[in-house]
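Summary of the model geometry
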Amino acid sequence: MKESNDVSDLDIKHIDPTLYNEDLAPLKPQDRNWGAFEIFNVWSNDIQSLFGYTLAASLFLTYGLNGWAVMAAIILAGVIVMFLVNLTGKPSVKYGIPFPVMVRASMGVRGANLPAMLRAIVGIFWYGVQTYFASTAVTLLITAFIGAGSGSTFLGLSGVAWVSFVIVWLFQIAIFWQGIERIKHFLNWAGPLVYVVMLVLMIIVWYQAGSELIPAIGTIFSGGSETSGSSIAAFMAIVGTMVAYFAAVVINFGDFTRFVKTERQMKLGNLLGLPLNVAFFSFIALIITAGTLVLFGEALTNPADIVERVDSLPLTIIAALTFFAATVGINLVANFIPPAYDLANLFPSKISFKMGGLITAIIAFFVGALWLSVISQIGVPGFVNALGAIVAPFYGIIVVDYYLIKRQHLNMQELFSSAPGSAYYYVNGWNTRALIAFGVAALFSLSTVLVPALSALGGYGWLIGAGLGGLFYYGLMRQFKAAPELAAQ
């Protein structure tokens, strides 16, 4: 059978140093040890960051919708993302290859560096920013013990803040330098711990709010007096916002699923980690937000603010450690592993996964250090959001290529070959048709970020860009279906 030949042929016979190193090579089934629990924790760490909590809590307050409708929208977004990542994760479960190698099939063995580098830039930027946010949790912890210090600052950060930032930066390097297994163990520990602390915080708030909590939930759940049209628009906006939140991990999900033993384990991990996890987490966010309304007279959406108001040293210590773990967790998942592979794909003979990670960390250090005083002031996040929108069409191109053009068959030997005439060489290593599809679709998804008249589509920019990328790619490539399949025989 063709499929068994595909998968049994994971030993690369001719090593091309411009395309191959040990970290990019197909991972054989016997070398994979991730299951549903590990995939669940990838999503737990992605959702349960400080930013993830603030986003979920604010969605209940921003749109004036009935709270049950908000929860339904958040859960629907979880279902959509689950469907999207099941598609991008499957080829990497089958062949054991990371995202930058997988994308060679559609973009060409050299063209794959374009999406890989765009994705790496987005990842490195946010890695620096999240390192700064994680350091604020450590600052909270140190301040609880020794006070805030002299008050003098450099680049907007106090002495304590600088010490915290360097501690977090070095801690993250220490984890990844020990390899993917250490990252897995950290995620498996951090994900459940955040849940425990959030549950404890929910119980404390519920206990202190007492009988007034349920009426407060009623006010959040009562919604406004919108017409059904605007309610539908608000519902869809929440769905779009939550899907966009996960977009970074959706495109390169294969970087994680290459370690998973079976497709069934991946799907179970995605089911538990997305719709069910999102539902539970948004419920906790709702109860705590309603509780803060009762206790403090205002709805607080930032967990750090809530902890500060509760004013309990043991809670401050535990919460600071948890916020630190959660933010480091999302940083490793969304912003570190992808650039490490992407940079390794650029110069495989010179850059390993570890070296790619070190480059990521060094560049990100300057991003994080300059975040407060410079970068957050000059609109650079808008630039990075624009880059994120540009990356969207690659999702559609990858999925259409694998399922409709290549019919779920890839030739592993050819994915690592730059010989003219090989299956994924196309034109000098670039698939020009994929470039055209990407360019046209990216123009549109970028315009949803940059053109004020299209700002209403901002939340859907990623989904539309991905859909158009796939559509244009199929239109340009459908007559070439047979060629790669013949080459792969």
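In this text the structure is predicted, and so the values were computed from the model without any measurement.

**Observations regarding empty space enclosed by the protein**
With the rule as written, the count across this model stands at 3 cavities of 30 Å³ or more. Approximately 60 Å³ is the volume found for the largest cavity. For the lining of the largest cavity, the secondary-structure elements that each account for two or more residues are helix H3 (50–62), helix H9 (180–209) and helix H15 (313–346). At 3 residues, H15 tops the list of elements feeding residues into the lining of the largest cavity. A breakdown of the residues in the lining of the largest cavity according to their chemical character gives 8 nonpolar, 3 polar and no charged. Quantified by volume, the second largest cavity comes out at close to 50 Å³. Secondary structure elements with two or more residues in the lining of the second largest cavity: helix H4 (67–95) and helix H5 (99–102). Broken down by element, the lining of the second largest cavity gets its largest block of residues, 3 residues, from H4. Looking at side-chain class alone, the lining of the second largest cavity contains 6 nonpolar, 3 polar and no charged residues.

**Considerations on the packing of H4 against helix H13 (residues 263–296)**
Two elements in contact, H4 and H13, have axes separated by 9 Å at closest approach and are oriented at 160 degrees. As the angle between them shows, H4 and H13 are arranged roughly antiparallel. In the packing of H4 onto H13, the handedness of the crossing is right-handed. Here H4 contributes Met71, Ile74, Ile75, Gly78, Val79, Val81, Met82, Val85, Asn86, Gly89, Lys90 and Val93 to the contact with H13, which in turn contributes Glu263, Met266, Lys267, Asn270, Leu271, Leu274, Pro275, Val278, Ala279, Ser282 and Phe283.

**A word on the domain arrangement of the chain**
We note that the domain assignment places domain 1 (22–378) and domain 2 (382–483) within the chain. If you average the C-alpha positions of domain 1 and of domain 2, the two centres end up 26 Å apart. With 42 residues of domain 1 at the contact, the number on the domain 2 side is 39 residues. By the criterion of area lost to domain 2, the three top residues of domain 1 are Ala105, Ser106 and Met107, representing 17% of everything that side buries. Remark: the boundary between domain 1 and domain 2 carries 0 salt bridges. Inspection of the domain 1/domain 2 interface yields 15 residue pairs in polar contact (both at pLDDT 80 or more). Where the side of domain 1 that touches domain 2 is concerned, the elements lending two or more residues are H4, H5, helix H6 (104–107), helix H7 (113–146) and helix H11 (228–251). Looking at the side of domain 1 that touches domain 2 element by element, the count peaks at 10 residues for H11. For the side of domain 1 that touches domain 2, the per-class residue count stands at 30 nonpolar, 7 polar and 5 charged.

Rules of the game
- Residues numbered from 1 in each chain as written.
- Predicted model: local features only at pLDDT ≥ 70, side-chain atom pairs only at ≥ 80, totals over all residues.
- Heavy atoms only, no water.
- 1 Å grid on protein atoms, 1.4 Å probe; cavity = no way out; pocket = protein on both sides within 12 Å on 5 of 7 lines; lining within 4 Å.
- Points joined across faces, edges and corners; volume = space filled by probe spheres on them.
- Helix = DSSP H or I, 4+ residues; strand = E, 2+ residues; numbered from the N terminus.
- Nonpolar A, V, L, I, M, F, W, Y, C, P; charged D, E, K, R; others polar.
- Axes fitted to C-alpha atoms, helices over the stretch in contact; angles between N-to-C directions.
- Parallel < 35°, antiparallel > 145°, perpendicular 65-115°, else oblique.
- Left-handed = near helix turned anticlockwise from the far one by under 90°.
- Contact = heavy atoms within 4.5 Å.
- Domains from an automatic or database assignment.
- Buried area = accessible area lost by both parts, 1.4 Å probe.
- Salt bridge = Lys/Arg side-chain N within 4 Å of Asp/Glu carboxyl O.
- Polar contact = N/O pair within 3.5 Å; in protein donor to acceptor, adjacent residues only side chain to side chain.

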